[in-house]
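# Fold and geometry: a report
Below are the chains, spelled out letter by letter.
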Amino acid sequence: MTAVTEWESNLAKLEVTLPPVVAPVAAYIPAIRTGSLVYTSGQLPMADGQLTVAGKVGAEVSTEQAKEAARLCALNALAAVHDLVGLDAVVRVVKVVGFVASAPGFNDQPIVINGASEFLGEVFGDAGVHARSAVGVSELPKNTPVEVEIIVEVQ
């Protein structure tokens, strides 16, 4: 019987299970380790192989829908980390980079990416506090409203 780690216990308290790693949609791998860091590729808000929401934030997609999508992106990033090194190897979240497909005039990208940041804080507590960028862009792959990548320090 394997022991449940603190991070896995926190996911269980949130009633969240790690999904399977989202298959790459182009020529890349979901995550790679170099030294004590794991970098994930940009993760989309995919569930069961399907994009959960599409369109631009501030037009077809509300800020709240996009914030939930960012949370799902972060969950998918954790799945990629777990598949590579195991979630229990995570020491801390170092950086989050979030891209938001934004309608003209939309400038609440930080609120959208809070969906990812707040989720990582719920899972990792103080070890989830990170540096971050939240960037508005005109287009993202597959018409997704949000894409998130993370960098974590591991043992």
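So, how was this worked out
Residues numbered from 1 in each chain as written. Predicted model: local features only at pLDDT ≥ 70, side-chain atom pairs only at ≥ 80, totals over all residues. Heavy atoms only, no water. Helix = DSSP H or I, 4+ residues; strand = E, 2+ residues; numbered from the N terminus. Rg over C-alpha atoms; globule rule 2.2 N^0.38 Å. Buried < 20%, exposed > 50% of the residue type's maximum accessible area, 1.4 Å probe, protein only. Contact = heavy atoms within 4.5 Å. Areas by Shrake-Rupley, 256 points an atom, 1.4 Å probe, with all protein chains shown as cover. Axes fitted to C-alpha atoms, helices over the stretch in contact; angles between N-to-C directions. Parallel < 35°, antiparallel > 145°, perpendicular 65-115°, else oblique. Left-handed = near helix turned anticlockwise from the far one by under 90°. Nonpolar A, V, L, I, M, F, W, Y, C, P; charged D, E, K, R; others polar.

Another aspect to go through is the overall build of the protein chain. A tally of regular secondary structure across the protein chain gives three helices and seven strands. Each helix and strand of the protein chain, ordered N terminal to C terminal, gives the series α-β-β-β-β-α-β-α-β-β. The C-alpha atoms of the protein chain give a radius of gyration of 15 Å, which matches the 15 Å a tight globule of 155 residues would have. Expressed as lengths along the three principal axes of its C-alpha atoms, the size of the protein chain is roughly 50 × 30 × 30 Å. Here the protein chain, with 155 residues, has 45% of them falling under the buried criterion. Restricting to contacts in the protein chain with at least 6 residues of sequence separation, those with at least 24 account for 82%. On the protein chain, roughly 7,600 Å² of surface is accessible, and the fraction owed to carbon and sulfur atoms is 53%.

When two helices pack together, their arrangement is given by the angle between the helix axes and the distance between those axes. One way to put it is that helix H2 (residues 63-85) packs onto helix H3 (residues 109-124) with a least axis distance of 7 Å and a crossing angle of 45°. Relative to H3, the element H2 lies oblique. Between H2 and H3 lies a crossing of right-handed hand. Within the contact between the two elements, H2 uses Thr63, Ala66, Lys67, Ala70, Arg71, Ala74, Leu75 and Leu78 and H3 uses Ile111, Val112, Ile113, Asn114, Gly115, Ala116, Glu118, Phe119, Leu120, Glu122, Val123 and Phe124. Classifying every residue of the contact of H2 with H3 by side-chain character gives 13 nonpolar, three polar and four charged.

Function cannot be inferred from these measures alone, as they are strictly geometric.
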